[in-house]
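Summary of structural features
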Protein chains: 2
Amino acid sequence: MAARQEQPYPHRDTLSKATGAERFSTDVAPPECLFAGARRAGVPCARILAVRTDEARAVPGVVAVLTRADVPGSNRQGIVHKDQPVLAGERVRHAGDAVALVVAESREALALALPLVRVELEPLPGVFDPLQALDPKAPPVHPGREEGNLLSHGLVEKGDARAALSGCEVVVEGEFATPMQDHAFLEPANGTARTTRDGGIEMVVSTQAPFRDRFEIAHALGLDPMRVRVRAPYLGGGFGGKDGATVQCLLALAALKAGGRWVRMCLSREENFLSGYKRHGARMRLRLGAARDGRLVALDSVMHLDSGPYAHLGTEIMALALEHAGGPYDIPHARAEGFCVYTNNPVGGAFRGFGVAQASFALERMLDALAERLSLDPARLRLKNALRTGGTNSAGVAVESPTGAAQCLEALMAHPAWQGREEWKRAAPAFKRRGVGISACCNAMGYGRGLPDAAAAKLELTRAGTFRIYNSVPDMGQGNAAAFVQIAAQALDQEISAFELVEPDTRLCLPAGSSSASRSTYTFGNALLRACASMRAKLAARASLVLLADEPARLRLAPGAVVDDATGRFVPLSMIGSMLQRDDRICVDQFVMPVVQDPPKTGEEFRLGFPHRFFSHGACVCAVEADELTGQVELKECVTAVECGRVLNAQGVERQVQGAAAQGVGFGLMEDLCLEDGRMRAGDLTTYLVPTARDLPDLECHVVDGDEPSGPYGLKGMGEVGIHGPAPAIAGAVQDAVGLCVDSIPVEPERVLQALRENRKRVLP
Amino acid sequence: MAARQEQPYPHRDTLSKATGAERFSTDVAPPECLFAGARRAGVPCARILAVRTDEARAVPGVVAVLTRADVPGSNRQGIVHKDQPVLAGERVRHAGDAVALVVAESREALALALPLVRVELEPLPGVFDPLQALDPKAPPVHPGREEGNLLSHGLVEKGDARAALSGCEVVVEGEFATPMQDHAFLEPANGTARTTRDGGIEMVVSTQAPFRDRFEIAHALGLDPMRVRVRAPYLGGGFGGKDGATVQCLLALAALKAGGRWVRMCLSREENFLSGYKRHGARMRLRLGAARDGRLVALDSVMHLDSGPYAHLGTEIMALALEHAGGPYDIPHARAEGFCVYTNNPVGGAFRGFGVAQASFALERMLDALAERLSLDPARLRLKNALRTGGTNSAGVAVESPTGAAQCLEALMAHPAWQGREEWKRAAPAFKRRGVGISACCNAMGYGRGLPDAAAAKLELTRAGTFRIYNSVPDMGQGNAAAFVQIAAQALDQEISAFELVEPDTRLCLPAGSSSASRSTYTFGNALLRACASMRAKLAARASLVLLADEPARLRLAPGAVVDDATGRFVPLSMIGSMLQRDDRICVDQFVMPVVQDPPKTGEEFRLGFPHRFFSHGACVCAVEADELTGQVELKECVTAVECGRVLNAQGVERQVQGAAAQGVGFGLMEDLCLEDGRMRAGDLTTYLVPTARDLPDLECHVVDGDEPSGPYGLKGMGEVGIHGPAPAIAGAVQDAVGLCVDSIPVEPERVLQALRENRKRVLP
């Protein structure tokens, strides 16, 4: 059945969020609950000599002060590689490491007690640069580790890039750096938990992966994962920053010591900055070779990712970065090598774009350099090399699905922002310089090979004849919850109002993976569609008994009823609901995302998540105005085109693209943790500036037609692709405006000013 | 997947039944339960003047004596047409009518009280012959009924039989009668019930249709059917006699007056004979026309069925009889007209064969007559006219499925019993005459058009990793329960021991229709196969998460585990069972039997159950020896061939055919209720003689290859087809032996003796 609702369709949670009625995890405040808080190390690298808790314990209202010795299990957390302690015992590896956990009767007692935990530290030399960290003489982040500070290495190769480069008519080279980025979600990491009578844990938490949390908690604390119940209300943002344990293990530990009482743990904004994951800082060196006509021939790239002190998903993020090293382009020879490296910086982890944002920035800058070298239009250069169905991406994977990089570029090339750019630049007011840049990108969907990207959906016909969708993929704002209702409503020909959505809950809902990797609507949506098909068949079969219709396939599902058009008779769904026992009112089905068949013989170091089969595509035009007096760059126009299969809800797609673009603008233009030797000088939202409505123009979004046959109603995931365009397009625009070769972001006014002063364009080699 | 188990395979309930460990409904005896019994009218037709209960009530231990006035609901029962009172109030319509119900603390008190219920009756003239009952002057069974004693009329026509007959080269005619037959199941109708706290009824009862019972009880007594719970353990036989309410409504009524205590009601053998349904007595008149070479041209048949005083399934049984009037033969012109008629005889109702046994007897006798008239071999005559795929049956339905009448006949024609018959007959000992007869037949499967033949199957993966099948199609001895386990075991590649079968229970199991109409293994089996496919997909998908196998389709289900052959790793089912929540351990699916597309424009009076799409086929050779001195006929050999699609369990098929053949032998040779004006002179098992092991030769069974693509593993239902062969084959054999034209059954020694004395063969016209 085709999607019918390509028109704007309001998310069902819009009103409840706008009015404040929606209950986020942070709104959960059981009466008489306890409060837990962590004492953080505050220094990036040290030996822990002692943690003295007596004074803190003596504070009235303090229930417990816990240290490493109080952790009953492995004390280790981590999504794949479990190297992060819940409470650090011997060594501090970054400033956000928790060394003690206090549980108290009140927030006030907690605030009094935390500074009274006396932590004796012996400062150690740290390492804060991923390239320096690979020096054998660099201080080891994990002493005794054979590989030193190298967390992982990866190589993705197609053809023979180095040989091909030596024969290229033109070769450009560059070195690039992208910074760590904070997710800056509105709702800090938080949760509420208590122990249950069966010796387990019950938790309400702001998380992107409730089912995985069970295993994290159980492994760290020595519990039975089946006895850990995790509920995940709507999140006030996540962006990858809640994909993996934040407060979960600390909170569960606190609950274990709370005698069955509820315990709340909510990070302050500062603590969230200090302890939360960041987008990996990256250093990249690229050589790109082409024919004189602009046809790309070979790419050689090396990337260093700064993982901070723990693995989190560093290896998997690097795999995706290397897989996307060649972007949405058909490059015959490509080599991408990567090093993911431990440092004493903040922890690198999942972030919308997942390694692609970094690789994409570097590659797009190289294309600009190549365009300049060959005096080609940067858009035409990209279009000429755009990967099309039947081509092979730079990881060696043949593109079988409909793919829309070229269409996105064509859409933007026809847009006034691009068409009229010279005229617009000439109209720059006094003391302003204007420039326009363009970029293209792609972003994989799903976990990739080696890690089944699966979801199980549960759909219930209620006794009243309405439907209940049990979804366990949290909605962190991207709108998948609303999409699920829309998908089911279309699949069952029912009104939206006939649906109720059960919030993710490991006891009620079924495992459906994490809310991440642009996968949730595609994967759970497909599982849900199958459950809907089962429900449809069931309803027809059960109604056929009432209607004495011996060919159930001829019955039609209509809002609230099963109808026999041959006779005009119908059975209300409420009658069917009241007739069936509970087991018969439930349909469960599942879906596992198809993977690449015959994967290329490369990337063998990557056990999980390489390569991918499905990609969404995008392109972006940014127009900037640089102030000659201050160096300040103002984004005047930002137009994004995306191809993400068929569109189920145009408004939903537009909002996702706008949100991603805003975050991409922040990445390219503003956001800076001001890291210095492992310490962030910008550690809250008054110093770490994210774009606000006043910093942004209208973020225009164009969706080009697409259709992914394997997708629910033809859709693909698109929660990430929109983030990649702005940073390189802004960089290109700034270069266009003031001649600054932007090889690192964010674009700093100081550098713009300096470039203006030098009054010349620095040309890339 | 193909069936692998065509070899004998013992039913799982064999041992428990042989040792007496199996608990039938009649074994349910809760402590301190009450006992209920009905006072039956004992006369076939009367006006009820009064039912005086004072004396009965005064018996110590009597809890209640109930009459018509105590029935809270409609007081009407009946599967389709609800015309049978639970307790007769104004009129007695047959001798088994219940006029009062006594509930007592003990069997003794019950036995004392029942005769003390004083029933004042005014005898009325009754009607006991279905042809006479149609006389407008006949006493009405249901006074005031516009149609008089005609319950229903039906006409099934193909071509123009009467015109065609007038042009036939040869026409034979005959009139036939078949008697009422008692099911004579071992376990009489019985059950145990109590009221529940929610105002409902809980009942354990010997029934073929637990889900339908809920509606019967609820309608009769004014209850909510969803609050009636019916459990159906293995039956000690049913054969159609427990398809419809027996004790159900009376027992539920007793429970309503028992204050929450359990009440038992178990009919005595005599009461079961008196009140139980019987196979409809039939009177048939046929004219069969053929070409001189034996090719059948036209059949004109008229049938009168004796419904007794209530409809039960009379109309539907007549529909099946008329549909089968032309048997498994291709007859260009066929007309079958039927009248189902009320009388004051015992109630006619469902019985294995369901109208087909009657029609089949008459038609086969006509074929013998035609063979004799044309001096043709009776087997060759049948084979010449056997219906084949691509032909059209006498109801005008094109035969699309593989069909095996010819193969059955060929198998028997090659059998020594037929090949060597002349030699065997010549070897008859002194004072014995020998004869051999042959017959062919077919029997529809399923409810037929107009009544969805549906089943829902529920399959559970237990926490321990075994499987639980929730089946609601009772097993009355035919072995469907064992077949379901075998089907699921094959479908899931598990050992038989990994399965547990939940007995039919309307609270735990899902509606799957009745155990009747040769449908149960086909329909529930198909639903179960679908549930197994869901389970298989679920297990692979869930295991893929543990094995990190991103292509679940490549995982293999093995006994107790899901295996990844690529790596040799596996996940025990016990691990999956312990991981999943209950809703995820259950698979439900359903199946609705396909129906005839483009049904012929005939049989329009039949709203339900006409026509059918699938048929099983059979043929039978019987060899008899008649005693010249006593007229006694001894069956010396009985060979049945059947075609019923693919065979799942050869032993199960053989046992079903043997059981059916034995019942067919009883029908043809022995069983006689000795009805006289509505009263049975033979009303127990010492007077109503059914064949015992001493009366029967080995009942040989040959199964010819078949394959029904829509069936589970290619099978078709075959619980009934084996019953039709013996009666006409015995009749033919007796005629062959002693020259008696057997136009009615059972074959009485008196008539054989008389024929021997007349010493001549009476030739059919």
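Here the structure is a predicted model, which is why all the values come from computation and not from measurement. (Residues numbered from 1 in each chain as written. Chains lettered and ligands numbered in written order. Predicted model: local features only at pLDDT ≥ 70, side-chain atom pairs only at ≥ 80, totals over all residues. Heavy atoms only, no water.)

Next up on the list: the confidence of the model for chain A. Segments scoring low in pLDDT should not have their predicted coordinates read at a detailed level. Residue and element names in this part refer to chain A. Scored by pLDDT, chain A comes out at a mean of 95, with 98% of its residues at no less than 70. Confidence drops under a pLDDT of 50 for residues 1–6, and excluding neighbours within four residues, the segment shows 22 contacts in the predicted structure. Low pLDDT, under 50, characterises residues 761–765; the stretch is placed with 16 contacts to residues that sit more than four places away or in other chains. Scored by ipTM, the complex comes to 0.92, with pTM at 0.94. (pLDDT = per-residue confidence, 0-100. Contact = heavy atoms within 4.5 Å.)

Residues and elements named next belong to chain A. Its twelve residues give helix H6 (residues 210–221) an end-to-end C-alpha distance of 16 Å, which sits within 8% of 16 Å, the value for a rise of 1.5 Å per residue. Judged by how many residues are buried, H6 sits mostly within the fold: nine of twelve residues are covered. Inspection of H6 places Pro210, Phe211, Asp213, Arg214, Glu216, Ile217, Ala218, Ala220 and Leu221 among the buried residues, and these make up the whole buried set. (Helix = DSSP H or I, 4+ residues; strand = E, 2+ residues; numbered from the N terminus. Expected span 1.5 Å × (residues − 1). Buried < 20%, exposed > 50% of the residue type's maximum accessible area, 1.4 Å probe, protein only.)

It is worth spelling out the interface of chain B and chain A at this point. It is common to give the size of an interface as the accessible area lost on bringing the parts into contact. Listed per partner, the contact involves 40 residues of chain B and 40 residues of chain A. Surface buried jointly by chain B and chain A totals about 3,000 Å² across both partners, of which 54% is contributed by carbon and sulfur atoms. Seen at the junction of chain B and chain A, the total is eight salt bridges. One salt bridge in this structure joins Asp550 of chain B and Arg449 of chain A, with 3.7 Å as the shortest N-O distance. Our count for the chain B to chain A interface comes out at 22 residue pairs in polar contact (both at pLDDT 80 or more). Taken together, the elements giving at least two residues each to the side of chain B that touches chain A come down to strand S21 (454–461), helix H16 (520–547), helix H17 (573–579) and strand S27 (586–592) of chain B. Here the side of chain B that touches chain A gets six residues from one element, more than from any other, and that element is H16 of chain B. (Buried area = accessible area lost by both parts, 1.4 Å probe. Salt bridge = Lys/Arg side-chain N within 4 Å of Asp/Glu carboxyl O. Polar contact = N/O pair within 3.5 Å; in protein donor to acceptor, adjacent residues only side chain to side chain.)

Residues and elements named next belong to chain A. Within the element layout of this structure, Glu169 appears in the loop between helix H5 (161–166) and strand S10 (170–178). The partly exposed category is assigned to Glu169, whose relative accessible area is 47%. In this structure the C-alpha to C-alpha distance between Glu169 and Gly294, which are 125 residues apart in sequence, comes to 9.7 Å. Excluding anything up to four places from it in sequence, Glu169 contacts Ala290, Ala291 and Arg292. Engagement of the side chain of Glu169 in a polar contact is seen with the backbone nitrogen of Arg292, the distance being 2.4 Å.

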